[in-house]
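Residue strings, one per chain:
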Amino acid sequence: MSVYNKTVNLGWRIWSWVDDKFNRLYPQDYNPMYYLGGISNLFFWFVIGTGIVLFLYYKPSLEDAYHSVEYLTQKVPYGQAVRGLHRYGADAMLVFVVLHWLRVWWTDRYRKFRSLAWISGVVLLVLTLLMGVSGYLLVWDERSLMLIRMTQWMVGGEHTWLGKLLVGGDKITDYTLTRFLFFHIGVPFLMLFFLWMHYIRINRPVVYPPALLTLQLFGIVFVACYLFPTVSMAPANPEQMPQAMLVDWFYQWGYVGAAWLQQFLGHAAYPITCLVLVAISVLLFALPYLTQGSYLNVVKVIPEKCTGCEYCAIDCHANAIRMIPTPPGIKARGGKGIIAEILPTRCAECGICVGACPFGAIELPLFTEDQVVARIQEITARAKQPQQPVAAE
Amino acid sequence: MSDHQQSETPNSRGPLIIGFLCEWAAQLDEYMNEDGTLAALPNVHIIKIPCSGYCKPAWIEQAIQQGAEGVWVCGCPMVDCHYREGNIFIRDRLLGIRNPYLRLKGGRGGARGVDPHRVRGYFKAGVSSEEFIRELKEFSEELAGHPIELGPIKPVREHPGPVLDPTPYNPTGPEPRLTSS
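Draft legend 1. Broad picture of the overall build of chain B. Of the regular secondary structure elements, chain B holds four helices and six strands. Starting at the N terminus, the α and β elements of chain B follow one another as α-β-β-α-β-α-β-α-β-β. Taking all contacts inside chain B whose residues are at least 6 apart in sequence as the whole, residues at least 24 apart take part in 67%.

Draft legend 2. Region of interest: the overall build of chain A. Looking only at helices and strands, chain A has 14 helices and four strands in total. Taking all 393 residues of chain A together, 35% fall into the buried category. At a minimum sequence separation of 6, the contacts of chain A that also span at least 24 residues come to 73%.

Draft legend 3. Structural view of the sheet that holds strand E3 (residues 70-75) of chain B. All names here are of chain B. Read across the sheet, four strands follow the order E2-E1-E3-E4 without closing on themselves; strand pairing throughout is parallel. Of all the strands in the sheet, just strand E2 (44-49) and strand E4 (119-123) have a single pairing partner and so form its edges. Each strand of the sheet is rotated relative to its neighbour by a mean of 20 degrees, with strand direction disregarded. Sheet topology note: the E3/E4 ladder contains five bridges and is parallel. Bridge assignment links Val 73 to a residue of E4, and that residue is Gly 121.

Draft legend 4. Quick look at the interface of chain B and chain A. Residue-level contacts link 40 residues of chain B with 38 residues of chain A. Contributions of two or more residues to the side of chain B that touches chain A are made by E2, helix H2 (57-65) and helix H3 (86-94) of chain B. Of the residues in the side of chain B that touches chain A, the class split is 22 nonpolar, 12 polar and six charged.

Draft legend 5. Inspection of the packing of helix H2 (residues 36-57) of chain A against helix H4 (residues 79-106) of chain A at higher detail. All names here are of chain A. Viewed as axis vectors pointing N to C, H2 and H4 meet at an angle of 160 degrees, and their least axial separation amounts to 8 Å. Taken as axis vectors, H2 and H4 run roughly antiparallel relative to one another. Crossing handedness for the pair H2 and H4: left-handed. By residue class, the composition of the contact of H2 with H4 is 16 nonpolar, seven polar and two charged.

Draft legend 6. Fine view of the nonpolar core. All names here are of chain A. Among the nonpolar cores identified, the biggest contains 102 residues, and Phe 43, Met 93, Cys 312, Ile 352 and Cys 353 are the most heavily contacted of them. Here this core gets 10 residues from one element, more than from any other, and that element is H4. Looking at which domains feed residues into this core, each of domain 1 (35-290) and domain 2 (300-384) supplies at least three. The residues contacting Phe 43, other than those within four sequence positions of it, are Gly 89, Ala 92, Met 93 and Phe 96. Grouped together as the second largest cluster of nonpolar side chains are 24 residues, Leu 138, Trp 140, Leu 166 and Ala 236 included.

Draft legend 7. Structural view of the domain arrangement of chain A. Residue and element names in this part refer to chain A. Examined at the domain level, chain A breaks down into domain 1 (35-290) and domain 2 (300-384). A separation of 46 Å is found between the C-alpha centroids of domain 1 and domain 2. Counting residues at the interface gives four residues for domain 1, matched by nine residues for domain 2.

Draft legend 8. Quick peek at helix H5 (residues 115-138) of chain A. For H5 of chain A, spanning 24 residues, the distance from its first C-alpha to its last is 35 Å, which sits close to the expected 34 Å at 1.5 Å a residue. Just past H5 of chain A, the residue Trp 140 of chain A takes up positive phi, approximately 60 degrees.

Draft legend 9. Seen up close, H2 of chain B. For H2 of chain B, the full list of buried residues reads Pro 57, Trp 59, Ile 60, Glu 61, Ala 63 and Ile 64 of chain B. Positive backbone phi, approximately 120 degrees, marks Gly 67 of chain B, located one or two places after H2 of chain B.

Draft legend 10. Summary view of unusual backbone geometry. Across the junction of Asn 99 of chain B and Pro 100 of chain B, the peptide omega takes the value -15 degrees, indicating a cis bond. Its location among the elements puts Pro 100 of chain B in the loop between H3 and E4. Here Asn 319 of chain A, not a glycine, exhibits a phi torsion of approximately 55 degrees, which is positive. On the secondary structure map, Asn 319 of chain A appears in the loop between helix H12 (311-315) and strand E2 (321-325).

The rules behind the values
Residues numbered from 1 in each chain as written. Chains lettered and ligands numbered in written order. Predicted model: local features only at pLDDT ≥ 70, side-chain atom pairs only at ≥ 80, totals over all residues. Helix = DSSP H or I, 4+ residues; strand = E, 2+ residues; numbered from the N terminus. Contact = placed C-beta atoms within 7 Å. Buried ≥ 20, exposed ≤ 12 C-beta atoms within 10 Å, placed from the backbone. Pairing = 2+ DSSP bridges. Axes fitted to C-alpha atoms, helices over the stretch in contact; angles between N-to-C directions. Nonpolar A, V, L, I, M, F, W, Y, C, P; charged D, E, K, R; others polar. Parallel < 35°, antiparallel > 145°, perpendicular 65-115°, else oblique. Left-handed = near helix turned anticlockwise from the far one by under 90°. Core = buried A, V, L, I, M, F, W, Y, C linked by C-beta atoms within 7 Å. Domains from an automatic or database assignment. Expected span 1.5 Å × (residues − 1).

Structural data, given as structure tokens:
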């Protein structure tokens, strides 16, 4: 029935295997692998919460930025902890975003009626990466300086239009940090819009994991922040380019990759890395359309039988059913005067609405209720016949 | 309709069981004969459906009225339904707490309802096929061993938990009921 062949699909087998292992550790409805999107959203709000505290102490100027972060870390009660939670929370968010992305992709939950969620999800993934990287620029230590320079090389060089746009002029000034701060805080607001788009086609989206799982995940982040306290490197000096930096592998793998490629490609490694990343993003955008498939089995309403009880519209997970006033010419059953209407491009062809309809007023065209009933009759009739004697060998 | 008489008809294969299998849940293709029965259990006939939420309780009632001795529905694990909530819906319908519900004997089905020990819901991930077949074997043996009607059953009103699994029939034990495990 489906185009997607599960038994030969490696990704599907991997996730089934992982699920099975986690189902032995957790009850089914607490399995963290079933809440990857909800956990990502949880850490998004966790990072926003801790980020507000950091914002209260942050001063976006070249002279004060580094010292304000150090003041927060050293002097403010629990400042070190909040800074650590902000960083490790962001790392955890990226981990779960990536797992969520791979899961919906490999288990075939990304195309057809889910393509809007996939498109907005790719935007969210890119924005998550940008938001994470921009956070490292604000600390204003040697790592920030290196990252800014490398980003400038990626977009073409320090004195190109994009390079100047990034730092706000030929030189790094106070305004550079102001625009990075705006970027770091503005992106989450943009993400809210795309999150809305991400959820809009889902009836009853699950946006948070269960409370016990939440506590467990927060516990892991707290332990990480206690075991590996976050530290700044030496303050940045724009006149002197540092040669090495501490790497956060979650967000800075692109930079590490570009620096590694530099030994083969020279300075061109940076724009090439950037182009490769952009190309991958574009490919991801196109993915649901490359493997679209066709809507052959969209459910059909039989208006004469529909009573307007709304069970199908309530149960439909893809918001593909809406109730409309009974069109003229159809004699309405029931007193509500409404019947169900299908929005074909949102239909998942799953038949959940068929199971919800007590009146048989909605059907999958390729697998009708009559066919199922006939199959049941065939099976029971065959079983009632006397058994065929087994041929003697 | 009498379950009692039908179970006494000689059937060398074992009790006739009809299963509704979600095509995203446990993958049984490798374990199935061409006519839709399980290779290990030729008395189990499988009807593949796109989602466990597609299964209508009326079909289960019809199958039992026409002589099937057991019916099961298999969906994906709770929360992991490929279509989000289909397995939750069918679980609640089997328990009689969601419309359209399965009319259980002693529950909302009154005296003419379906014997709850003949109906099971399984929620199995893709790779747990062999484990699933083992459990089906147990179900089959249980039906073969205790093909008799049971007393009144109370529907579970509270959140029933992930697995719909009736307690094994024990004539001397407490009143049978639907449990969660």
